[in-house]
Structures are given as C-alpha cells and as structure tokens.
Amino acid sequence: MSEPADPMFRTVTLDSPIVRGETSIEELKLRKPRSGELRGLSLVDLGQLKVDSLTKLLPRISMPALTEVEVSNMEPADLLACGAEIGSFLLQRSQRAAVLDQ
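Because the structure is a prediction, the values reported are computed rather than measured.

Student: A description of the sheet that holds strand β1 (residues 9–20) should follow, citing residues and the corresponding values.
Tutor: Across the sheet, which stays open at both edges, the three strands sit in the order β1-β2-β3 with antiparallel pairing between neighbours. Across the chains shown, the open sheet's two edge strands, defined by having one partner strand only, are β1 and β3 (62–63). Pairing geometry for strand β2 (residues 23–31) and β3, over two bridges, is antiparallel. The residue bridging L30 from the neighbouring strand is S62, located in β3. The strands that helix α4 (residues 76–89) touches are β1 and β2; relative to β1, the one it contacts most, it runs at about 160 degrees.

Student: Give me the lowdown on the packing of helix α2 (residues 51–61) against α4, citing residues and values where you can.
Tutor: The N-to-C vectors of α2 and α4 enclose an angle of 75 degrees; their axes lie 11 Å apart at closest approach. As judged from the angle between their axes, α2 and α4 are roughly perpendicular. Contacts between α2 and α4 involve V51, L54, L57, L58 and I61 from the first element and L79, C82, G83 and I86 from the second. When its residues are assigned to classes, the contact of α2 with α4 shows eight nonpolar, one polar and no charged.

Student: Now, about the environment of V51: what can you tell me, with residues and values included?
Tutor: With respect to the secondary-structure elements, V51 resides in helix α2. We classify V51 as partly exposed; its relative accessible area is 48%. Between the C-alpha atoms of V51 and L79, which are 28 residues apart in sequence, the distance is 8.2 Å.

What counts, and where the lines are drawn
- Residues numbered from 1 in each chain as written.
- Predicted model: local features only at pLDDT ≥ 70, side-chain atom pairs only at ≥ 80, totals over all residues.
- Heavy atoms only, no water.
- Pairing = 2+ DSSP bridges.
- Helix = DSSP H or I, 4+ residues; strand = E, 2+ residues; numbered from the N terminus.
- Contact = heavy atoms within 4.5 Å.
- Axes fitted to C-alpha atoms, helices over the stretch in contact; angles between N-to-C directions.
- Parallel < 35°, antiparallel > 145°, perpendicular 65-115°, else oblique.
- Nonpolar A, V, L, I, M, F, W, Y, C, P; charged D, E, K, R; others polar.
- Buried < 20%, exposed > 50% of the residue type's maximum accessible area, 1.4 Å probe, protein only.

Such coordinate-based values are descriptive only and should not be taken to indicate function.
So this is what it looks like as structure tokens:
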C-alpha cells in the first residue's frame, strides 16, 4: 500500500450506495478534517471508530455532503471503510509511513 496522491482527500467506494431521491451515491470523497471540524468530538473516540463520532464527523467532511441520518443508515462495512480513512487522517506523516511499511 502506498501513500495516496493527494493526502487531503480519500475516496471510498460504497458497497451499498446511498439513495437520495433519484440520485445514487456510490462513492464518497472524504476531506482531511481541520481542527475546527473536530469540535465536540473526542479524538480517542474517532481513533476507536465509535459510531456516534463518525456519524457527527462524516457530514462535515464528505463530498457530496451527507446528512447524519444518511450516515446512520449506512451499511456497517461502508461506515467502517470511511472510519479507516478518517483514522489515517489522524496519524502524523511518520506514523502513516510506519503503518504502510508493515
């Protein structure tokens, strides 16, 4: 596994697309959160992939922007995939390199 080309964005392909009206969202682009977007959240909870924290953060950093209800209705595997990408955003560059080398 190598470092993504753009470390500010990650793309997650959903196993179960999110249906919004006549639109089907099959892919989410996640943007690296800034400190202000983490307000009210615990970094420990995000690191542990706690559902409540992911449900609050994903609408703040996803493109297209999801609602908390849409996140709450996501398939668990898709939520976990998004959580894994968020977790990688929280690591320092040297920590990411160490994880990728394993």
